[in-house]
Amino acid sequence: MKTHTQPHTNGSSLLHHPPKHIVKKANVKDYEKTYARSIEDREGFWADEAKKLKWYKKWQQVLDDSEKPFYKWFTGGKINIVGNAIDRHLETHRRNKLAMIWEGEPGDVKTLSYHALNREVSKFANVLKSMGVKKGEIVTIYMPQIPELPIAMLACAKIGAMHSVVYGGFSVEALAGRISDANSRVLVTADGGWRRGKITDLKTIANEAMDRSPTIEVCISVKRTGQEVHMENDRDFWYHDLMQLPIAAPRCDTEVMDSEDPLFILFTSGTTGKPKGLVHTHGGYSVYTSSTHRNVFDIKDEDRWWCAADPGWITGHSYLVYGPLINGATIMMYEGAPNHPYPNRWWNMIEKYGITILYTSPTAIRGLMRFGEQWPRRHDLSSLRLLGSVGEPINPEAWRWYHEVIGRGECPIMDTWWQTETGGMMIAPLPVTPLKPGSATKPLFGIEVAVVDDNANEVQPGEEGKLVIKAPWPGMARTIFGDPDRYVDTYWKQYEEKGWYKAGDSARIDEDGYIWIIGRIDDVIKVSGYRLGTAEVESALVSHSDVSEAAAIALPHEIKGNAIHTYVILKAGVHGSKKLEEELKKHVSSEMGPIAKPENVHFLESLPKTRSGKIMRRVLKARAMGLDEGDLSTLED
Ligand code: WT7
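Think of each chain on its own: its residues are numbered from 1, step by step along the sequence as written. The model is predicted, so local features are restricted to residues of pLDDT at least 70 and side-chain atom pairs to those at 80 or more, both for listing and for counting; the totals for chains, interfaces and linings are taken over all residues. Hydrogens and water are ignored here; the side-chain numbers use all heavy atoms of the structure.

**Student:** What is the right way to read the overall build of the chain from this model?
**Tutor:** Secondary structure elements follow DSSP: runs of H or I no shorter than four residues count as helices, runs of E no shorter than two count as strands, and numbering proceeds from the N terminus. Helix and strand content of the chain: 19 helices and 30 strands. Counting only C-alpha atoms and orienting by the principal axes, one finds that the chain spans roughly 70 × 60 × 60 Å. Here the chain holds 637 residues, and the buried ones make up 62% of them. In what follows, a contact means two residues having at least one pair of non-hydrogen atoms within 4.5 Å. In the chain, the proportion of contacts linking residues at least 24 apart, taken out of those at least 6 apart, comes to 71%. For the accessible areas, the method is Shrake-Rupley and the probe is 1.4 Å, while residue cover comes only from the protein chains on display. Taken as a whole, the chain presents about 24,100 Å² of accessible surface, with 49% of it coming from carbon and sulfur. Looking at charge distribution, the chain has the averaged site of its 79 positive side-chain charges lying 4 Å from that of its 83 negative ones. Burial classification: accessible surface area is computed with a 1.4 Å probe over protein chains only, and a residue below 20% of its type maximum counts as buried, one above 50% as exposed, and the rest as partly exposed. Positive charge is attributed to Lys and Arg, negative charge to Asp and Glu, and no charge count is given to His or to the chain ends. By convention, charge coordinates are those of NZ in Lys, CZ in Arg, CG in Asp, or CD in Glu.

Below, the structure is given as structure tokens:
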């Protein structure tokens, strides 16, 4: 389903050419030539990108495809992502360069040079070691957007442990499930975080989650908001207490890892069942995130880079933390809501810190747009050179506002398509690429895509089809944690003979070769750019004692892109009411987190189902939108 109107022409009349000063200074000036080379000699291209990093031992083979689709990259190589994100900068002028500028929602500010970041990461790495954290073990991190979040991620990576970051906006059920799936022994959290002037009580949620998933033996909490929280003897420790002990020594060796050793798992929603933990590695992921970040965002040493995503999502992992730090950039991080205390908060920070590149989501742009342009107009945004967008298609209205009002009509917008699974950007312009608003433009170096039908035939230009990726790339997820069969089934099964990766999105390619992403083709919903599964929302609903069956669908929403609408069948004897609707909405929100809160709950006597009992969400959607219900031949009655 299209959530926003897109021009049905090839959009050439809308071409936006990059300003001359951008082209003159661009890291890569000739897209076509570099792209052609990267496809003709894919492995040569990636080897050259990999050479820009610090390896303890060079790889023997760039790509090992002997166990397709379980591809391996840079095998035989020894590396650690922290060796690249921190250690190597310490030997250069970057040692005293700012690695991070952080602003808390109440207005407190912290800055860390690469030297200081190394010290904090090393100290916390030693703390984790003293808690018995071993190479390969998974540490769960559940935190607000504070500097200790990237510090904890980097500390895990430094000692060879994997991290599993659970977004701080998730609630009990989501956290408990992810802790158990990862079999985590150690949890790093905080008492709370600031959001719209209020405390989000993370520790209380963490405590409940630990009650439900008893694998946690050690819980380390950062004191951020200072309210009274329940701490249990022998299990709970304060971060600041531990960091003052002699065990928190300021030096810690970075563990030498195999290129293919796992770096982290990150859970994301799928079509059915529980969220899946995608596995990313030290070698390929380091190469891929840094290469794409350098090329697409034209990173220069003097840049101040702001990726406004939460580190709890892949965008934050790849482009708030790892990619930019590997490239030695100064990263900006902000704790709270974009409109707190006023809708100029972001614009004020861009002016204050001289941000040169802003990377955010269409939903954030739409959200800020509705307050009117007087808010950004009050600020000097002339430091901005480039803008970025990610998470869902950007509608032309939001694109134009972003371009004109925020970017003075001079900052090209990099609309980047990618997924948790891909590790990094896949389809995106370079700063030199002529842009068409709403199109992510062309595949990046080494990436070959196609839009095909179910029989793997490429569709005609302008026609809608399924987006596939035709060859492996270094940043690809290696598997689904603990479930390799599901990895094969979900992404590789349908086009097995061709060896193509199925992205799960529909798209079309116009006559100029520009790619237009339309949306998900499965039961994944993008709400405010966040990825949720209808199955998760449904299971949260049926966990309520009054509900017997539930269905969730996405319908277009002006700010969020999509919103969740739900349908439930109540247990016998229970009657639907406004009060129960509110209760169910709250129930989903407290089980999963506020982002999953449905717009509404409709009470039905029955749900449209196939004869095999599968809920036909497409029928619910068509009915809700007053559209033709389509082919109903498989409907039960
Ligand atoms: C899905 C992946 C990649 C980081 C954030 C999302 C949608 C993502 C775009 C874009 C149109 C986009 C797709 C994709 N999506 N970027 N620029 N234009 N759609 O990662 O949570 O794994 O979601 O987000 O539908 O499949 P994710």
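**Student:** Which parts of the structure should I look at to understand the confidence of the model for the chain?
**Tutor:** Close inspection of predicted coordinates is inappropriate in any region flagged by low pLDDT. pLDDT runs from 0 to 100 and stands for how confident the predictor is about each residue. The predicted model of the chain averages 94 in pLDDT, with 97% of residues at 70 or higher. Note that pLDDT drops below 50 for residues 1-9; the model gives that stretch 28 contacts with residues more than four away or on any other chain.

**Student:** Just to check I follow, could you spell out the packing of aromatic side chains for this structure?
**Tutor:** For any pair of aromatic rings, the description rests on two quantities: the centre-to-centre distance and the angle between the ring planes. In summary, the pairing rule links any two rings of Phe, Tyr or Trp, Trp by its six-membered ring, whose centres are within 6.5 Å, and it sorts them by plane angle into stacked for under 30 degrees, edge-to-face for over 60 and tilted for everything else. In this structure the tally under the stated criterion is 34 aromatic pairs. Geometrically, the ring pair formed by Trp 46 and Tyr 288 is tilted, given 5.4 Å between the ring centres and 50 degrees between the ring planes. A residue pair is termed long-range when its members are at least 10 positions apart, and Trp 46 in helix H3 (residues 42-50) and Tyr 288 in helix H10 (residues 282-296) qualify at 242 residues. Here Trp 46 matches Tyr 288 in class, with each residue buried.

**Student:** I would appreciate a short explanation of the side chain of Ser 290 in the present structure.
**Tutor:** Among the structural elements, Ser 290 can be located in helix H10. Residue class for Ser 290 comes out buried when judged on its relative accessible area of 1%. Setting aside anything within four residues of it in sequence, one finds Ser 290 in contact with Leu 53, Gly 323, Ile 326 and Asn 327.

**Student:** Help me understand the site of the ligand in this model?
**Tutor:** One heavy atom suffices: a residue is near a molecule or strand as soon as one of its heavy atoms comes within 4 Å of it. Inspection of the region around the ligand gives 17 residues, with Asp 415, Thr 416, Thr 420, Lys 526 and Arg 531 positioned closest. Between the ligand and the protein, one listed contact pairs an oxygen atom with a side-chain N or O atom of Thr 420 at 2.5 Å. N or O atoms within 3.5 Å of each other form a polar contact, as long as, within protein, one can give a hydrogen and the other can take it, and as long as residues adjacent in sequence are counted only when both atoms are side-chain atoms. Separating an oxygen atom of the ligand from a side-chain N or O atom of Lys 526 is a distance of 2.6 Å. Alone, the ligand offers 550 Å² of accessible surface; in the complex the protein occludes 96% of this. Contributing elements (two or more residues each) for the shell around the ligand: helix H11 (314-326), strand S20 (413-416) and strand S25 (515-520). Gly is placed with the polar residues, together with every amino acid not listed as nonpolar (Ala, Val, Leu, Ile, Met, Phe, Trp, Tyr, Cys and Pro) or charged (Asp, Glu, Lys and Arg). Class assignment of the residues belonging to the shell around the ligand gives a composition of 6 nonpolar, 5 polar and 6 charged.

**Student:** Where do I start with the sheet that holds S20 in this structure?
**Tutor:** Whether parallel or antiparallel, the strands of a sheet pair through hydrogen bonds between backbone atoms. The pairing criterion for strands is at least two bridges between them, as found by DSSP. Strands sit in the order S5-S4-S17-S16-S18-S19-S20 across an open sheet of 7 strands; the sheet is mixed. Both edges of this open sheet fall to strand S5 (109-113) and S20, since each of them pairs with a single strand only. Taken pair by pair, the neighbouring strands of this sheet meet at an average axis angle of 15 degrees, ignoring direction. Inspection of the sheet shows strand S4 (residues 98-103) paired to strand S17 (residues 330-334) by 4 bridges, in the parallel sense. Each bridged residue has a counterpart across the sheet, and for Met 100 the counterpart in S17 is Ile 331. Lines are fitted to the C-alpha atoms to define the axes, a helix being fitted only along its stretch in contact, and any angle between axes, read from their N-to-C directions, falls within 0 to 180 degrees.

**Student:** Help me understand the state of the cysteines in this model?
**Tutor:** Two cysteines, two sulfur atoms, one covalent bond between them: this is a disulfide. Two cysteine sulfurs form what is called a disulfide whenever their separation falls within 2.5 Å. Throughout the structure, instances matching the rule amount to 0 disulfides. Cys 156 supplies the cysteine sulfur nearest to Cys 219, a cysteine that is in no disulfide, at a spacing of 13 Å. What makes Cys 219 buried here is its relative accessible area of 0%. For the unlinked cysteine Cys 411, the closest cysteine sulfur is that of Cys 307, found at 17 Å. Judged by relative accessible area, which is 1%, Cys 411 ranks as buried.

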